Each structure stands twice: as structure tokens, then as C-alpha cells.
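# Analysis of the macromolecular model
Letter by letter, the chains look like this.
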Amino acid sequence: MLLITCPFCGPRNESEFVYGGPVKPPRPDPATRDDAEWTEWLTHVPNPVGPVEEQWWHARGCGTWLTIWRDTRSHDIVGAPHDGG
Amino acid sequence: MPQRYSLVSLLRHGLNRHTTWAPAWRSPQLKDRYDVIVIGAGGHGLATAYYLAKEHGVTNIAVLERGWLGGGNIARNTITIRSNYMRDASIPFYVKSVALYEAMTRELDFNTMHSKRGMIDVIQTWGMMRDRRRRQHIMDIHGATYEQLSVAELRHRVPALTGGGPEARLPVLGAFVHTDAAVNRHDAVAWAYARAIDAMGGAIHQQTPVTQLLRGRDGRIEGVETPRGTVRAPKVVIAVSGHTTSLTETLGLKLPLRSMNLTAFVSEPVRPLIDVIINCPDAGVYLSQTDKGELVIGGPPDPGQSYRRDIKQGVFEETVASMLSLFPAFKRLKLLRQWGGHLDIAPDASPIQDETEVPGLFVTAGWWGGYKAIPAGGLTLAHLVATGRPHPLMEPFSLRRFRHLDYQMETGTTTAR
Ligand SMILES: Cc1cc2nc3c(=O)[nH]c(=O)nc-3n(C[C@H](O)[C@H](O)[C@H](O)COP(=O)(O)OP(=O)(O)OC[C@H]3O[C@@H](n4cnc5c(N)ncnc54)[C@H](O)[C@@H]3O)c2cc1C
Ligand SMILES: [Zn+2]
């Protein structure tokens, strides 16, 4: 089970959280993009064998949304890939 | 021709203390060129090679496998074979696949221990009840069986299901039975295909991981790189369940897939207790009993993308709690083993089978519940690879659907949440 650090409640058990999907870039304005860019935003997510950035909701806690980087091989919570330069 | 398996051959080789059986498939030398390379000796890769040889006469084929034959998800799944899907596009494909499985023992002269025992969906919310009624109408159109059962009929058919009474948080409201559903022996499926491929001249190379796809100057696929050397072919098929994007990204090719870890666990063997497959989509658990007596139990996947191959404690606890809410007596069962397997899933949870934008490079992926799909998936992909045209049963599941936003929304696993 993950130990997820909530910015308000500190480290809490994964069972208090709801998984909210991988982080995507902000929704582009389809009118200003070509079809390929638009459908890519709609259908693609990063699928790394390694760290992925994702959202979690502290539903059974304070209710905030937060993001973590999690290694898809081990499920360890890791630092953002560019942490510390 | 392979040796036929029969009572006579069993007696004859038995008299020789079983030392005279020919191997079911050989391990030939790896050549540097084939007509078709299939990456992955799981169910889909093997079935594709089989139908390429059998239906289209393409026998200069190599199936390249990272590990050992049939050691991937074909060995890790819970072997539920069924066609109770949701969409007009999906159901005919799965009806075909169920029928091909029923004929497999005879067709391949290999006992797949097919057991058509039916599946019962236990319904505990009105939303799920509406969904299942809708499925029933569509399944009627396409010839898959689905009938409603009352709570009394359900409890009569499955006496071990004593939970979910009127006082429960989610009382059982009714059930649907899908009599076409079956289980069989997964190893036998892999071995039967391997034997048939070998007999027709195809080659299966184990311990041969593909590390890089190779693209020619003209943009077409040219072959693959492996630690055993470069292997070339004008057509390459990716059938690597869960690892599809890792391979396509070696050419910078993006696909709309996420990789997930689905898990299962088994109990100690007990006396015959449940003779159907039980699926509880509201509770989030499904189970069946093997011929040896073990209960095979599955639940939802890990939350988020995952390349683990074990069950997470949280997923395990949730699945056990769901099971005990309906089968409270099972709390005395000892659990023996748990495991997981890597699958990839498209945004609409339907499969992807197509030639990619790299000419000559084909993918079969997004097989979320893809064990049941193995025979028909091989049939349709072989058709596409050999003729260049999609098989009618697979046409809705091309990559084009994502460009045209023509999604085929399905539900994922049997637990379907
Ligand atoms: C716990 C669990 C329960 C399931 N239950 C069901 C069920 O009840 N019913 C159902 O229909 N489906 C079920 N499934 C899904 C089903 O198992 C898969 O959809 C299906 O097996 C995938 O197709 P496959 O058999 O070709 O995959 P696999 O057997 O995984 O074949 C892919 C092969 O590719 C190989 N490979 C990977 N990368 C490379 C590489 N780079 N080079 C060479 N080889 C490579 C792998 O080693 C593997 O052998 C379940 C899956 C799991 C994990
Ligand atoms: Zn919090």
C-alpha cells in the first residue's frame, strides 16, 4: 500500500485516496489545433516503464487533489524526474 | 504431419514407457529472414501464426518470444471464455471466438479440457440491472445467450452464495446467466497452437526478446533487433500484451494505450462447491472452481499504470472483503498463491488490431479480457496481415477510430467497474 503525503494531513494510507488518472497537459482549444494534435490530446497518455505523474484525491480525508510521481515498476513514490536539477 | 493423439497412440507409447513420443514442436535455428515475424508467443501471437499458415499458406514465419512459450498472460489469466459484451461491434467477434474455442480440441487434436459451465452475473444495483437488460437485447440479436434469474433461482443454483440478503448494504437484486461461458486449460491452448504451427513449417524461438524495431529508408518495417542478431521480414506483428508501447516507442510511434496489472489468487482445493463461473460486477469480484478444487478469484486491477506482477495489499483486501460479503463461509479458506499480469487498455477499453502508420508493422493490443479473444483475434489478424484488408469482425477496432473519434466504449474486466 502506498503512503501518500497529503500537503494538509501529512503521510496517509493509500486506502484514504482515490486514484485520479495520469496528469495530462491542459486541454487545448480544438479550434486552434489540427486534428492530429487534438485527437492526440483526447486519447494519449504517457505510458512509461518508470516514473509517471498522476493525480490522487484525498477523498476519505481533507478532500484535496494532489499529484505524485510513482514508479510503475515498483509503485514507489519517487521525486519528479528533474528534482534537484 | 504431427503424430496423431489417440487411445491407440497412448497405449503404443505407453508400452514403450512413454519414451517414444516425438516432441510436440521443435527448436529450429534462427534464420536472418522470414516472410512474417510475430513478436510474442502468447495466445494472440500463436493464434495469428497458426491462421497465417492454415488459412493463407504463409509458413515462413518466426514467432519470437522473450521468455518461454505460453509463459505470459496466457498462463496468468482466469480462463473465462464468454461473449456477454455490450456493443454491436464487440458481441459478434466474441461469439465467433467462443465457437472457435468449442471446436479447438478437435481442430488441433489436443485436449484443451473445454468445460462449458456457464457464467452467472450477480446484480446488486439498479444501474447494473439496467445495463444487463440492455446487454440482453443486443446479445439476443447476435446469438449470445443471456437470461435473467430471480434471487430464489440464483440461491438455488449457487447454494454457497449466502450473503447479500435484505439486510446487506448491497442486497442481491437478481442475476443473469450466460450459458455459453466456459473455462479450459490455458497451457493446452498454447501447446496445441505451437504443435500445429510447427507441423505446418512455422518456427517458435523462445528466449529471443525483441529490443528494437527496424525501419527501412522507405519508411516500411524492415525487421527486428534481438540479442541473437538481426532478423528481417517485410511484415512484423506485435502481440506482446502490456508491453506494446515499449516496443512501438523504439520507432517513436505513439499508441493510445495504458499498461495495467490485473491480479488473481487461488484457494486451497476443496470439494466441488460451485459449478458455474460467478461474476459480481457490483461487489467487484469473480470466481470459479478448478477441476482440482481450488477457487480461482479475481478482482479489479491496481489503480493506475502498473508493471508489477503481484497483487497489491489494498487490492487484495478489497477483493477478499467483496467476496466475503457474498460468500461469508469462504473466510475459512486458506489462500495459496497470488500473481498479476500486464495488459494494455485503450481509452474506450476495446481492442486495437491494425496496420500502424509504419507500413508492414501490425499491432494487436488493448486485450483487456483477451484470453477469450485468442482464436478469433488470431483469425482476424492473420486475415489483415495476409490480405491487407481488415477482417469484417475486426473492422470497428482499427486505429482509425481514434482519429475519427469513433470510440467503441466497452467495459473492462468481468468485474467491470
Ligand atoms: C489476472 C488476470 C486474469 C485474466 N482473466 C481473463 C479472463 O478470465 N478471460 C479473458 O478473456 N482474459 C483474461 N485476462 C486477459 C488475458 O490474459 C490477456 O488479454 C491475453 O492473455 C493477452 O494476450 P496474449 O495471450 O497474447 O498475451 P501473453 O501471453 O502475455 O503474450 C505476450 C507475449 O509476448 C512476450 N513479449 C513481451 N515483450 C516481448 C519482446 N520485447 N520480445 C519478445 N516477446 C515479448 C511475453 O513474454 C508474452 O509471452 C486476464 C489477465 C490477467 C493478468
Ligand atoms: Zn488531506
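Below you will find a few notes about this structure. (Residues numbered from 1 in each chain as written. Chains lettered and ligands numbered in written order. Predicted model: local features only at pLDDT ≥ 70, side-chain atom pairs only at ≥ 80, totals over all residues. Heavy atoms only, no water.)

### A closer look at the overall build of chain B
- If you tally the helices and strands in chain B, you get 11 helices and 17 strands.
- For 417 residues, the compact-globule estimate of 2.2 N^0.38 gives 22 Å, and the C-alpha radius of gyration of chain B, at 22 Å, lies within 12% of that figure.
- Overall, chain B is about 70 × 65 × 40 Å in size when its C-alpha atoms are taken along their principal axes.
- Residues classed as buried in chain B amount to 58% of the 417 residues present.
- In chain B, once contacts between residues fewer than 6 apart in sequence are set aside, the share between residues at least 24 apart is 76%.
- For chain B, the computed accessible surface area is about 17400 Å², with 53% contributed by carbon and sulfur atoms. (Helix = DSSP H or I, 4+ residues; strand = E, 2+ residues; numbered from the N terminus. Rg over C-alpha atoms; globule rule 2.2 N^0.38 Å. Buried < 20%, exposed > 50% of the residue type's maximum accessible area, 1.4 Å probe, protein only. Contact = heavy atoms within 4.5 Å. Areas by Shrake-Rupley, 256 points an atom, 1.4 Å probe, with all protein chains shown as cover.)

### Considerations on unusual backbone geometry
All names here are of chain B.
- With a phi close to 55°, Gln207 is a non-glycine residue in the positive phi region.
- Topologically, Gln207 is positioned in the loop between strand 6 (203-205) and strand 7 (212-215).
- Its identity is not glycine, yet Ala349 carries a phi of approximately 60°, on the positive side.
- Checked against the element boundaries, Ala349 lands in the loop between strand 15 (335-345) and strand 16 (352-355).

### Side note on the pattern of salt bridges
Residue and element names in this part refer to chain B.
- Under the defined criterion, the tally for this structure stands at 21 salt bridges over all chains.
- Between Arg135 and Asp131 there is a salt bridge, and its shortest N-O distance comes to 3.1 Å. Of this pair, Arg135 and Asp131 both sit in helix 5 (residues 126-142), 4 residues apart, which is roughly one turn of that helix. For the pair Arg135 and Asp131, one class covers both residues: buried.
- Among the salt bridges present, the one from Glu294 reaches Arg337, with a minimum N-O distance of 3.6 Å. Here Arg337 lies in strand 15 and Glu294 lies in the loop between strand 13 (285-289) and strand 14 (295-298), a separation of 43 residues in the sequence.
- Since its relative accessible area comes to 43%, Arg337 is described here as partly exposed. (Salt bridge = Lys/Arg side-chain N within 4 Å of Asp/Glu carboxyl O.)

### With respect to the interface of chain B and chain A
- The interface of chain B with chain A comprises 24 residues on the first partner and 24 residues on the second.
- Between chain B and chain A lies a buried interface of about 1900 Å² when both sides are counted; carbon and sulfur atoms form 52% of it.
- A per-residue breakdown of the area chain B buries against chain A is headed by Gln305, Tyr307 and Lys312 of chain B, which together make up 33% of the total.
- Where chain B meets chain A, there are 2 salt bridges.
- The partner of Glu14 of chain A in a salt bridge is Lys312 of chain B, and the shortest N-O contact between them spans 3.0 Å.
- Of all the secondary-structure elements, those providing two or more residues to the side of chain B that touches chain A are helix 8 (244-248), strand 11 (258-267), helix 9 (313-326) and helix 11 (400-403) of chain B.
- When its residues are assigned to classes, the side of chain B that touches chain A shows 9 nonpolar, 8 polar and 7 charged. (Buried area = accessible area lost by both parts, 1.4 Å probe. Nonpolar A, V, L, I, M, F, W, Y, C, P; charged D, E, K, R; others polar.)

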